[in-house]
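Observations on the three-dimensional arrangement
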Amino acid sequence: MRLILLGAPGAGKGTVAKMLTAIDGSVQISTGDILRAAVKAGSALGQKAEAFMKAGDLVPDSLIMDIMGERLQAADCQAGFLLDGFPRTIPQAEALKELLGKLGLTLDAAVSLEVPREVILDRLTTRRTCVDCSAIYNVKSNPPKQDGICDKCGAKVIQRDDETEEAISNRLEVYNAKTAPLVGFYSKEGLLLNVNATSSEVVVAQIKSHLGIA
Ligand code: AMP
């Protein structure tokens, strides 16, 4: 399947993407994970992106399109892809449309994960992430078995730099100003699927039913 997962930070895009990969081998492509890996490695891309990310601002469109132009042509994308956190601006959505046109690929849907603001704030302030495999935990509802250690790979589980209250409130403002308009963009493209995303299992079930997957 080829899907875009839209939704505010904390709407559950990453969790849903991970659940969907198990269905048909489609790959999860998270621009946030790619950028965090680049920052950790200290690469040229990471150095350019770091300050934007720490503040909860968006990384410039040109950098994101350089990453995605290459990533979408990798061999593993032939099985399908789940775009998690991309596109995030109208120019990125337009550039993606052009890129997919050149590659001769079409999207199955742009799924908008709708979650009330209080749920988002609670999820983000209690979310913890593995520094190595990006597994996601929650201090209240899904803590790692051993405090601060990833169950899956044994690496450290931390609160992300951009999950302080100040950065979160900026990320939500940036989302409303720059990313929320994509819902209208994909509605006009005839690709929008709106889902109530309070439960990831329900989201996956709705996507499967929309795509006619048993
Ligand atoms: P995420 O993990 O998707 O919340 O992304 C973390 C941070 O990476 C964002 O707050 C942005 O600074 C940056 N980022 C990720 N994806 C994009 C994108 N498509 N466009 C611009 N910045 C992005």
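Residues numbered from 1 in each chain as written. Predicted model: local features only at pLDDT ≥ 70, side-chain atom pairs only at ≥ 80, totals over all residues. Heavy atoms only, no water.

As for the overall build of the chain
- The number of helices and strands found in the chain is nine helices and eight strands.
- In terms of overall size, the chain behaves like a compact globule, its C-alpha atoms giving a radius of gyration of 17 Å where 214 residues would be expected to give roughly 17 Å.
- When its C-alpha atoms are laid out on the principal axes, the chain stretches across 45 × 40 × 35 Å.
- Per-residue burial for the chain yields a buried fraction of 44% across its 214 residues.
- Pairs at least 24 residues apart make up 69% of the contacts formed inside the chain by residues separated by at least 6 positions.
- Carbon and sulfur atoms make up 52% of the accessible area of the chain, which amounts to about 10600 Å² in all.
- Of note, the chain has its 24 positive side-chain charges centred 2 Å away from the centre of its 26 negative side-chain charges. (Helix = DSSP H or I, 4+ residues; strand = E, 2+ residues; numbered from the N terminus. Rg over C-alpha atoms; globule rule 2.2 N^0.38 Å. Buried < 20%, exposed > 50% of the residue type's maximum accessible area, 1.4 Å probe, protein only. Contact = heavy atoms within 4.5 Å. Areas by Shrake-Rupley, 256 points an atom, 1.4 Å probe, with all protein chains shown as cover. Lys, Arg positive; Asp, Glu negative; His and termini not counted. Charge placed at Lys NZ, Arg CZ, Asp CG, Glu CD.)

A few points about the sheet that holds strand E2 (residues 27–30)
- With parallel pairing, five strands are arranged side by side in an open sheet as E2-E3-E1-E4-E8. The sheet terminates laterally at E2 and strand E8 (192–196), the two strands that pair on one side only. Averaged over all pairs of adjacent strands, the angle between their axes in this sheet comes to 25°, without regard to strand direction.
- When E2 meets strand E3 (residues 81–84), the two strands line up parallel, connected through four bridges. Paired with Ile29 across the strands is Leu83, a residue of E3.
- The sheet contacts of helix H1 (residues 13–24) involve strand E1 (2–6), E2, E3 and strand E4 (109–114), and relative to E3 the element is tilted by about 170°. (Pairing = 2+ DSSP bridges. Axes fitted to C-alpha atoms, helices over the stretch in contact; angles between N-to-C directions.)

As for the sheet that holds strand E6 (residues 136–138)
- With respect to topology, three strands assemble into an open sheet ordered E6-E5-E7, the strand pairing being antiparallel. Looking at which strands have only one partner, the edges of the open sheet turn out to be E6 and strand E7 (157–158).
- Summarising the sheet, strand E5 (residues 127–130) and E6 pair through three bridges and their orientation is antiparallel. Looking at E6, one finds that Thr129 is bridged to Ile136.
- The strands that helix H6 (residues 117–126) touches are E5 and E6; relative to E5, the one it contacts most, it runs at about 45°.

So yeah, pure geometry; function would need other evidence.
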